[in-house]
Amino acid sequence: MSIEFVKPTILDIPEMETLVKPYVEDGIILLRTSDEIANMIRSYTVAKQNNKIVGFGALHIYSTTLAEVRMLVVHQDMQNQKIGQKIVSSMIEEGKRLGIKEILTLTYNDHFFQKLGFHTIEKTEVPEHKVWEDCTKCKRFPECNEIALIIKL
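Positions within a chain are numbered from 1, following the residues in the order the chain's sequence is written. With the structure being a predicted model, the display of local features is reserved for residues of pLDDT at least 70 and the display and counting of side-chain atom pairs for 80 or more, all residues being used for whole-chain, interface and lining totals. Neither water nor hydrogens contribute to the side-chain values; these are computed over all heavy atoms in the structure.

### A short note on the pairing of strand β5 (residues 102-107)
Thinking step 1. Most of β5 sits inside the fold, with five of its six residues counted as buried.
Thinking step 2. Strand pairing is assigned whenever DSSP detects at least two bridges linking the two strands. Strands here are runs of E lasting at least two residues and helices are runs of H or I lasting at least four, both read from the DSSP assignment and numbered beginning at the N terminus. Of the strand pairs in this sheet, strand β4 (residues 66-74) and β5 are connected by three bridges, and their pairing is parallel. Across the sheet, L66 pairs through a bridge with E102, a residue of β5.
Thinking step 3. Between the parallel pair β4 and β5, the chain is carried across by helix α3 (residues 83-98), and the sense of this crossover is right-handed. We call a residue buried when its accessible area falls under 20% of the maximum for its residue type, exposed when it is over 50%, and partly exposed in between, using a 1.4 Å probe and counting protein chains only. Here, the term right-handed applies to a crossover whose path from the first strand over the helix to the second runs clockwise when the strands point away from the viewer.

The structure is reproduced here in structure tokens:
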């Protein structure tokens, strides 16, 4: 069964919310409301198999030079099939096409991102607007145990 990587539509939001829900409940991914997802729908890339979403992620742009991989999720039954890698690779290509210089991520799975060329940075290097826009919404704030990584494009 082939997997296609496409931009989602507003109609995909309920399925995206269902897929990410266990990760949100576990505190691995920040909750985004359906309105927040809709507002950022053009940032997302979804992986579909038989017209069903099996993974997705967003490339959130902060500035003319910096973007972030966020909300990267792959259905538990579909992991270890390089779906996440292909989603991130498509975001890296999109970032290059847009002229972005660096892509940031905060994750618990640093090895996954290191295999794609990201390198670890100190969290103090994470832009302050990221912290105040997102991190304050996390139940672990300010005791963050995620790992910050970045890739230069």
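### Some thoughts on the pairing of β4
Thinking step 1. Burial runs high along β4: eight of the nine residues are buried.
Thinking step 2. Pairing analysis gives six bridges linking strand β3 (residues 52-61) to β4, with the strands arranged antiparallel. Looking at β4, one finds that G55 is bridged to V74.
Thinking step 3. Between β3 and β4, which pair antiparallel one after the other, the connecting turn spans four residues.

### Structural notes on the sheet that holds strand β7 (residues 147-152)
Thinking step 1. The strand order across the open sheet formed by seven strands is β1-β2-β3-β4-β5-β7-β6, and the pairing between neighbours is mixed. Either end of the sheet is taken by a strand with one partner, and the two such strands are β1 (4-6) and β6 (119-121). When strand polarity is set aside, the average angle formed by the axes of neighbouring strands in this sheet is 30°.
Thinking step 2. With three bridges connecting them, β1 and strand β2 (residues 44-49) associate as antiparallel partners. Orientation is described by lines fitted to C-alpha atoms, with helices fitted over the stretch in contact, and by angles between N-to-C directions that extend from 0 to 180 degrees.

### Quick word on the packing of aromatic side chains
Thinking step 1. Pairing of aromatic rings covers Phe, Tyr and Trp, the last through its six-membered ring, and needs centres within 6.5 Å; plane angles under 30 degrees mean stacked, over 60 mean edge-to-face, and all others mean tilted. Scanning all chains against the criterion turns up three aromatic pairs.
Thinking step 2. Ring plane angle 90° and centroid distance 5.0 Å describe the contact between F112 and F113, whose orientation is recorded as edge-to-face. F113 carries the same exposure label as F112, and that label is buried.

### Some details on the environment of E125
Thinking step 1. Inspection of the secondary structure puts E125 in the loop between β6 and α5 (128-133).
Thinking step 2. Judged by relative accessible area, which is 51%, E125 ranks as exposed.
Thinking step 3. It is 9.9 Å that separates the C-alpha atoms of E125 and I150, two residues lying 25 residues apart in sequence.

### Remarks on the pattern of salt bridges
Thinking step 1. The working definition used for a salt bridge is a side-chain nitrogen of Lys or Arg within 4 Å of a carboxyl oxygen of Asp or Glu. Considering all chains together, one arrives at six salt bridges under this definition.
Thinking step 2. Two residues, K21 and E25, come together in a salt bridge whose shortest N-O distance is 3.8 Å. Highlighted residues: K21 and E25, both in helix α1 (residues 13-25), separated by four residues, approximately one helical turn. Of the two residues, K21 and E25, both sit in the exposed class.
Thinking step 3. The salt bridge partner of K152 is E102, with a shortest N-O separation of 2.4 Å.

### A few points about the nonpolar core
Thinking step 1. In this text, buried Ala, Val, Leu, Ile, Met, Phe, Trp, Tyr and Cys residues form a nonpolar core when linked through side-chain atoms within 4.5 Å. Counting 20 residues, the largest nonpolar core has V69, I83, V88, I92, I103, F113 and F118 as the members making the most contacts within it.
Thinking step 2. Put simply, the parts of the chain that give this core at least two residues each are β3, β4, α3, α4 (110-114) and β7.
Thinking step 3. Ranked by residue count, the leading element in this core is α3, at five residues.
Thinking step 4. Contacts are assigned to residue pairs with any non-hydrogen atoms lying within 4.5 Å of each other. With near-sequence residues (within four places) excluded, V88 lies in contact with V69, L72, F112, F113, L116 and F118.

### Digging into the environment of T105
Thinking step 1. Along the chain, T105 falls in strand β5.
Thinking step 2. With 38 residues separating them in the primary sequence, T105 and A67 have C-alpha atoms 8.7 Å apart.
Thinking step 3. If sequence neighbours within four positions are ignored, T105 has contacts with E68, V69, F113, F118, I147, A148 and L149.
Thinking step 4. Throughout this description, a polar contact denotes any pair of N or O atoms lying within 3.5 Å of each other; where both atoms belong to protein, one of them has to be capable of donating a hydrogen while the other can accept it, and for residues adjacent in sequence the pair is counted only when both atoms sit in side chains. Within polar-contact distance, the side chain of T105 engages the backbone oxygen of V69 at 3.3 Å.

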